Amino acid sequence: MRRRMHAPVMQLVFAAVVAALSGVAYTGGALPDAVEQAANTIDAGDLRAHLRFLASDELQGRGTGHAGNHVAELYLASLFERLQLGRAAGAAYLQPVELYFSTLGEMNELVASEQVNRAEVATCYVAGGDFYPHAASASRSVSAGVVFAGYGITAPEHRYDDYAGIDARGRLVVVFDGEPQSDDERSRFLGRAPTAHAGAEAKIANAKAHGAAGLLIVRARMRDVKSVWPADPPVRSRNFQMAGRVDRESLPIAVISTGAAEALLSSEAVPEERKAAALKKTIDDVLERAGDGAISAPASFAVAGRQARLSIDLARERVVVHNVVGMVEGTDPELKQQIVVVGAHMDHDGLDAEGRVYNGADDNGSGTVGVIEAAEAFAAAARGGRRPARTVVFALWNGEEKGFLGSEYFVEHPAPAGRLVANVNLDMIGRNEDVPDPTDFRFRGLAKTTAAENTNTVHLLGYSYSPAFSALVREENAAVGLTIRQVLDVSPQNLIRRSDQWPFLQQRIPAIFFTTGLHPDYHTPQDDVGKINFEKLEKIARLAFRVTWRLATDAELPAYAEPRPSARAAHLEP
């Protein structure tokens, strides 16, 4: 194992390249000869060799914080060192990311009380059935009055504010999960592409901004507490949070069931019309009530006479994982401070409770090896005297399966320091999309299709956030010949928010996401190397290289654009 980790997997073979050409900016058409030759070094055989190791049983599924994950970190860092990439994150190409591994403590309580006929009546909610701690919660206890704040959203751009007319200061705030006009609980605020308002992080920040003492997030479909907080979690089920973010968190936060929320919010002091609007309907009813295109007014209110005590008890252990980061520094004295990132997450699900290995060949060994090959091509071009004007960073992020932890940290702490200007994200680029049953919850909202129909197809996401970026991809695809589909920026599966380009888009940084789509082996032990379409993977890696080169050399960068309400889907042929 140790020998395989540090010894070269194969000899780096590069075609001869021509001498450097003058000029900084590339403006389209065929790439310079040396760069075209570098692109041709991206090879299906090399992709297969790297992936056989990364998705082998010996790495035990590369689960975040696990031994196999650490082996993968060192293996990838050794490849970057062999390529002589610049050290973007320190001498070892490793950017440390501090996390907390959390487990459930014993003192989690939710108790409501009020005066009834001059006597105090208390209602105790069951930890597990009625509520459970949110992983981002602070471990502390608060006693406070109760307010209901709709979806917990303040969105001036939509002239919408759930906190208007209520005083949340020092109160325990109850909010719905999701956002108005949700499609099967996936966010489509006002029919737009998914917004940042629906996520728990946004709701927590907004509650704190309004002075809340604690937060309860109502979910229509509560997960079993043992699946969220298993007593002895296997690698696959371990819960991680960014340590710095948890250290800054002050609110106790819990997830609460619909029934428990209705009971908590019920009071004789609440006007009957408010009950009818918010309490007597299930979450599904509320989500459907604005189906005609008009958002109902927030049904926020304070619950008079009601006090509640929320106690959260989470045990936490600090764990350090690493992003693997290398770079080719730009040549232009000014533009090299602008950073183009081509990245993928290198972690997967690890081991489950039965000891089965989730090898993650497609998710996301495929994207990882695609970045490796793109890095090799940039190194080949540099040896031939061709370097980009802007700095290109090759990032292999950790902790994506636990909530984009590595990419979020990278966006907050770019390595090297500079201005992030674009991201090319590769995630699940090695298979042929296969949706046998659109009623399966994993595929709900997607069109039925077979692997045989998608042998040359790749999805491009992020097109509605930067039409110019999408156009650049189409220009470079002319030399590659893939079938590109642009249909998933708005979908019930919410795929645009399910990979590492999302932290970039949240910061209004143009980003695109290449994926070959879902299949029945997604997040199962059957995601193995033998099912990878390496010829297509080679094409996608070449396209990613070409697009990244353009981003790093063009005079003008594609701009970020807020998605229009009616983001159009397009099926684009080569």
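The structure under discussion appears in the preceding block.
Residues numbered from 1 in each chain as written. Predicted model: local features only at pLDDT ≥ 70, side-chain atom pairs only at ≥ 80, totals over all residues. Heavy atoms only, no water.

1. Remarks on the packing of aromatic side chains
Working step 1: What the rule picks out here adds up to 14 aromatic pairs.
Working step 2: Between Tyr465 and Trp502, the ring centres sit 6.4 Å apart and the planes meet at 85°, which makes this aromatic pair edge-to-face. In this pair, Tyr465 sits in the loop between strand 20 (457-461) and helix 13 (467-477) while Trp502 sits in helix 14 (residues 502-506), placing the two residues 37 residues apart along the sequence. Of the two residues, Tyr465 and Trp502, neither departs from the other in class, the shared state being buried.
Working step 3: Look at Phe545 and Trp549: their rings are 6.4 Å apart centre to centre, the planes differ by 40°, and that puts the pair in the tilted class. Taken as a pair, Phe545 and Trp549 lie in helix 15 (residues 534-553) at a separation of four residues, close to a single helical turn. (Phe/Tyr/Trp six-rings, centres within 6.5 Å; stacked < 30°, edge-to-face > 60°. Helix = DSSP H or I, 4+ residues; strand = E, 2+ residues; numbered from the N terminus. Buried < 20%, exposed > 50% of the residue type's maximum accessible area, 1.4 Å probe, protein only.)

2. A closer look at the pairing of strand 21 (residues 483-486)
Working step 1: Where burial is concerned, the two faces of strand 21 agree: the one with Thr483 and Arg485 and the one with Ile484 and Gln486 are both buried.
Working step 2: Summarising the sheet, strand 20 and strand 21 pair through three bridges and their orientation is parallel. By the bridge assignment, His459 is partnered in strand 21 with Arg485.
Working step 3: Taken together, strand 20, helix 13 and strand 21 form a β-α-β motif whose crossover is right-handed. (Pairing = 2+ DSSP bridges. Right-handed = clockwise from strand over helix to strand, strands pointing away.)

3. Quick notes on the pattern of salt bridges
Charged atoms that come close allow side chains of opposite charge to pair.
Working step 1: Throughout the structure, instances matching the rule amount to 25 salt bridges.
Working step 2: Among the salt bridges present, the one from Arg219 reaches Asp177, with a minimum N-O distance of 3.4 Å. Of this pair, Arg219 sits in strand 10 (residues 214-219) while Asp177 is found in the loop between strand 9 (172-176) and helix 5 (200-209), placing the two residues 42 residues apart along the sequence.
Working step 3: For Arg431, the salt bridge identified is with Asp521, shortest N-O distance 2.9 Å. Of this pair, Arg431 sits in the loop between strand 19 (419-426) and strand 20 while Asp521 is found in the loop between strand 22 (511-515) and helix 15, placing the two residues 90 residues apart along the sequence. In terms of burial, Arg431 and Asp521 fall into one category: buried.
Working step 4: Salt bridges sharing partners connect three or more residues here, namely Glu36, Glu475, Glu476, Arg546, Arg550 and Asp554. (Salt bridge = Lys/Arg side-chain N within 4 Å of Asp/Glu carboxyl O.)

4. Here's the deal with the nonpolar core
Working step 1: Of all hydrophobic cores here, the largest spans 71 residues; its most connected members are Phe394, Val424, Phe514 and Phe545.
Working step 2: Core analysis: the second largest hydrophobic core is formed by 37 residues, Tyr151, Ile153, Val228 and Ala308 among them. (Core = buried A, V, L, I, M, F, W, Y, C linked by side-chain atoms within 4.5 Å.)

5. Quick word on helix 4 (residues 67-82)
Working step 1: Taking 1.5 Å of rise per residue, 16 residues should cover 22 Å, and helix 4 covers 23 Å from first to last C-alpha, within 8% of that figure.
Working step 2: For helix 4, the complete set of buried residues consists of Gly68, Asn69, Val71, Ala72, Glu73, Tyr75, Leu76, Ala77, Ser78, Leu79 and Phe80.
Working step 3: Gln84 occupies a position one or two residues after helix 4 and carries a positive phi of about 60°. (Expected span 1.5 Å × (residues − 1).)

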